[in-house]
Amino acid sequence: MNLVEVRGLKVHFPIRRGLFFDRTIGHVKAVDGVDFDLEHGKTYGLVGESGCGKSTLGRAILRLIEPTAGSVIFDGVDIAGLQGEKLRKARKRMQMIFQDPLSSLDPRQNIESIITEGIDAHDLLDSRKQSRARIVELLEAVGLSAAALRRYPHEFSGGQRQRIGIARALAVEPDLIVADEPVSALDVSVQAQVVNLLEKLQDSLNLTFLVIAHDLAVVRHISDTVGVMYLGALVEEASSDDLYAEPLHPYTRSLMSAVPVPDPDVEDRRERILLPGDLPSPANPPSGCRFHTRCPWRQPERCDTEIPELRVLRPTHKVACHYAEQIEAGTIRPKSADEVAADQGVYVAATGGLDAKDLLDAGKDMPLPQQGF
Ligand SMILES: Nc1ncnc2c1ncn2[C@@H]1O[C@H](COP(=O)(O)OP(=O)(O)O)[C@@H](O)[C@H]1O
Ligand code: SF4
Ligand SMILES: [Mg+2]
């Protein structure tokens, strides 16, 4: 059963210019036609490099941003039409966990009042005593003790603060949690602990999770299904096992080829797919298949002119590529990054251009190129 069904979702931000007259000179197509389902009690991992529209998509699902087009059906109801009390009730069922727990926790409030806020706002408990007991229970659920109640956010480590953010989200007993880069700001050693905590909570509370990350490794173990986004659209979606065992879309293949393998023999033989050029601007996405300006498998027909649908290749595997079958069978061979760049008339530095690992590592603050191809 699906808790959330997203259909044809678009979020376009207007680009405005002009000193006296506010003229709209274009749109950033942050999310540009996305369809997917969040199954009840499961985890959906959404990955893609910085700027591809993951956060915008997550916020549009919670209606923190108004979509430009499309629908979000939450438990059978289109949330676009909700107002007032009905919207407030729906919001209580959907919570968000943010990347940077420090900036999302009010520094002047102690932990008790931070977590109480959600409970109070929704009148979940009547007495203060009851509420204190509930907060202690929540803190224990996220691995913290009652001693945290009187302390302030700055007194905790990054990992502990993220645990507090999780406790705050859980306080209103939500059905859906959107976790936007929940571990990106944390030390690598702490990341796994927080990911494990999310997984444990999901099992025990039967939550539905949308976990957003720019790092494939983060979502791998907790996700039932993984969706890969490129420039505002999903290019591949599969069960986590299928996606990691056999990525089919050229973009996913390049991302995956950048992830080191622990076995040294396999690591030596690992084929790395380098992508030429920068991520095109979402204000001016390439025609046809959006990935065609960087795709090593691009063909002279269809790729530049026809938008590929996200289509079912196998029961748990969807791909948006005209040539997915031929690529899988190996009947179409990839070109090198330099050849792709030469085809597109793009200059590539002597290093062979950016590779997917650099793009992933670049994380949140990578500046976006202003010009498309
Ligand atoms: N409020 C906004 N106004 C204008 N452009 C925005 C806004 N929020 C995001 N964008 C743009 O939309 C695109 C997608 O951003 P975002 O959803 O944050 O991507 P991601 O989370 O994958 O890094 C980017 O080009 C970003 O600059
Ligand atoms: S449709 Fe063409 S350009 Fe797009 S991913 Fe497939 S082969 Fe590459
Ligand atoms: Mg983001």
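In this text, all values refer to a predicted model and were calculated from it rather than measured experimentally.

Asks: Would you take a moment to explain the overall build of the chain for this structure?
Replies: Secondary structure summary: the chain contains 14 helices and 12 strands in total. For the chain, with 373 residues in total, the buried portion stands at 40%. If you take every contact in the chain between residues at least 6 apart in sequence, the share linking residues at least 24 apart comes to 67%.

Asks: I keep staring at the site of ligand 2 and nothing clicks. Help me out?
Replies: The full set close to ligand 2 counts 13 residues, and Cys289, His292, Cys295, Cys303 and Cys321 are the nearest of them. When the residues that make up the shell around ligand 2 are grouped by side-chain class, the tally is 9 nonpolar, 3 polar and 1 charged.

Asks: For this particular structure, what's the right way to read the environment of Glu271?
Replies: Position of Glu271 among the secondary structure elements: in the loop between α11 (264–269) and β11 (311–314). For the pair Glu271 and Ser254, spaced 17 residues apart in sequence, the C-alpha to C-alpha distance is 9.4 Å.

Asks: It is not clear to me how the sheet that holds strand β5 (residues 77–78) should be interpreted in this structure. Could you clarify?
Replies: The strands making up a sheet associate through backbone hydrogen bonding, with each pair oriented either parallel or antiparallel. Pairing is antiparallel across the open sheet formed by 4 strands, whose spatial order is β2-β1-β4-β5. On the outer flanks of this sheet lie β2 (23–39) and β5, each paired with one strand and no other.

Asks: What is the right way to look at the nonpolar core in this model?
Replies: For soluble globular proteins, the rule of thumb is that nonpolar side chains tend to be buried together. With 83 residues, the main nonpolar core has Ala167, Leu210 and Tyr230 as its most contacted residues. It is β2 that provides the largest number of residues to this core, a total of 6 residues. Both domain 1 (103–173) and domain 2 (239–365) contribute no fewer than three residues apiece to this core. Among all residues touching Leu210, those that are not within four sequence positions of it are Leu38, Tyr44, Leu46, Gly58, Ile61 and Val178. In this structure, Leu274, Ala337, Val340 and Ala341 belong to the second largest nonpolar core, which totals 5 residues.

Asks: It is not clear to me how the site of ligand 1 should be interpreted in this structure. Could you clarify?
Replies: What surrounds ligand 1 is a group of 13 residues, the closest being Phe13, Ala30, Lys54, Ser55 and Thr56. Sort the elements by how many residues they give to the shell around ligand 1 and helix α1 (residues 54–61) lands first, with 3 residues.

Asks: Honestly, helix α13 (residues 337–344) in this entry has me stumped. Any pointers?
Replies: The periodicity of an α-helix, 3.6 residues per turn, causes residues three or four positions apart to be oriented the same way. Within α13, burial applies to Ala337, Val340 and Ala341. Along the axis of α13, the buried positions cluster into a sector of 100 degrees, meaning they face one direction only.

Asks: How should the environment of Pro315 be read in this particular structure?
Replies: Of note, Pro315 is situated in the loop between β11 and β12 (317–319). With 9 C-beta atoms packed within 10 Å, Pro315 lands in the exposed category. When the C-alpha positions of Pro315 and Ser239 are compared, they lie 9.6 Å apart, and in sequence the two are 76 residues distant.

Asks: Which parts of the structure should I look at to understand the confidence of the model for the chain?
Replies: Close inspection of predicted coordinates is inappropriate in any region flagged by low pLDDT. Taken over all residues, the pLDDT of the chain has a mean of 86, while the share at 70 or more is 90%. Averaged pLDDT values for the elements of the chain fall to 43 in helix α14 (residues 356–362) and rise to 98 in β12. Confidence drops under pLDDT 50 across residues 348–373; counting only partners more than four residues distant or on other chains, this segment forms 58 contacts.

Asks: Is there a simple way to think about the packing of helix α6 (residues 158–170) against helix α7 (residues 188–205) in this case?
Replies: Think of two packed helices as two axes; the pair is described by the angle between the axes and how far apart they sit. One can describe the packing of α6 onto α7 by two numbers: an axis separation of 10 Å at closest approach and a directional angle of 15 degrees. Considering their axes alone, α6 and α7 lie roughly parallel with respect to each other. The hand of the α6/α7 crossing is right-handed. Contact with α6, carried on its side by Gly158, Gly159, Gln162, Arg163 and Ile166, involves Val190, Gln193, Val194 and Leu197 of α7 and no other residues of that element.

Asks: Help me understand the pairing of strand β1 (residues 2–17) in this model?
Replies: The side chains of a regular strand alternate, residue by residue, between the two faces of the sheet. Pairing of β1 with β2, which is carried by 13 bridges, proceeds in the antiparallel orientation. The residue of β2 that forms the bridge with Glu5 is Asp37.

Asks: Just checking my understanding: could you explain the sheet that holds strand β10 (residues 233–239) for this structure?
Replies: If you walk across this open sheet you meet the 8 strands as β6-β7-β8-β3-β9-β10-β12-β11, and the pairing is mixed. Here the strands that pair on one side only, and so sit at the sheet edges, are β6 (94–97) and β11. For this sheet the average axis-to-axis angle between neighbouring strands, irrespective of direction, equals 20 degrees. Here 3 bridges tie β11 to β12, and the two strands are oriented antiparallel to one another. In the sheet register, Arg314 faces β12, and the bridge partner there is His317.

What counts and how
- Residue indices follow the written sequence of each chain, beginning from 1 at its first position.
- Starting at A for chains and at 1 for ligands, labels are handed out in the order in which the entities are written.
- For this predicted model, a pLDDT threshold of at least 70 governs which residues receive local features, and a threshold of 80 or more governs which side-chain atom pairs are given and counted, while totals over whole chains, interfaces and linings are taken from all residues.
- Here a strand is any run of E in DSSP of at least two residues, a helix any run of H or I of at least four, and the numbering for each starts at the N terminus.
- Neighbour counting defines burial: a residue surrounded by 20 or more other C-beta atoms within 10 Å of its own C-beta is buried, one with 12 or fewer is exposed, and intermediate counts give partly exposed, using backbone-placed C-beta atoms.
- Residues are treated as contacting if the C-beta atoms built from their backbones sit within 7 Å of each other.
- As a rule, any residue with its backbone-derived C-beta atom within 6 Å of a molecule or strand is reported as near that molecule or strand.
- Each residue is assigned to one class: nonpolar for Ala, Val, Leu, Ile, Met, Phe, Trp, Tyr, Cys and Pro, charged for Asp, Glu, Lys and Arg, and polar for all the others, Gly among them.
- Here, a strand pair is defined by DSSP locating no fewer than two bridges between the strands.
- Note on terminology: a nonpolar core is a set of buried residues of type Ala, Val, Leu, Ile, Met, Phe, Trp, Tyr or Cys, with members joined through C-beta atoms within 7 Å.
- Where each domain starts and ends follows an automatic or database-derived domain assignment.
- By arc we mean the arc of the directions from the helix axis to the C-beta atoms, nothing more.
- What pLDDT reports is the predictor's confidence in each residue, on a scale of 0 through 100.
- Lines fitted to C-alpha atoms define the axes, with helix axes restricted to the stretch in contact, and inter-axis angles between N-to-C directions lie between 0 and 180 degrees.
- The labels follow the angle: roughly parallel below 35 degrees, roughly antiparallel above 145, roughly perpendicular from 65 to 115, and oblique for the rest.
- A clockwise turn of the near helix away from the far one marks a right-handed crossing, whereas an anticlockwise turn of less than a right angle marks a left-handed crossing.

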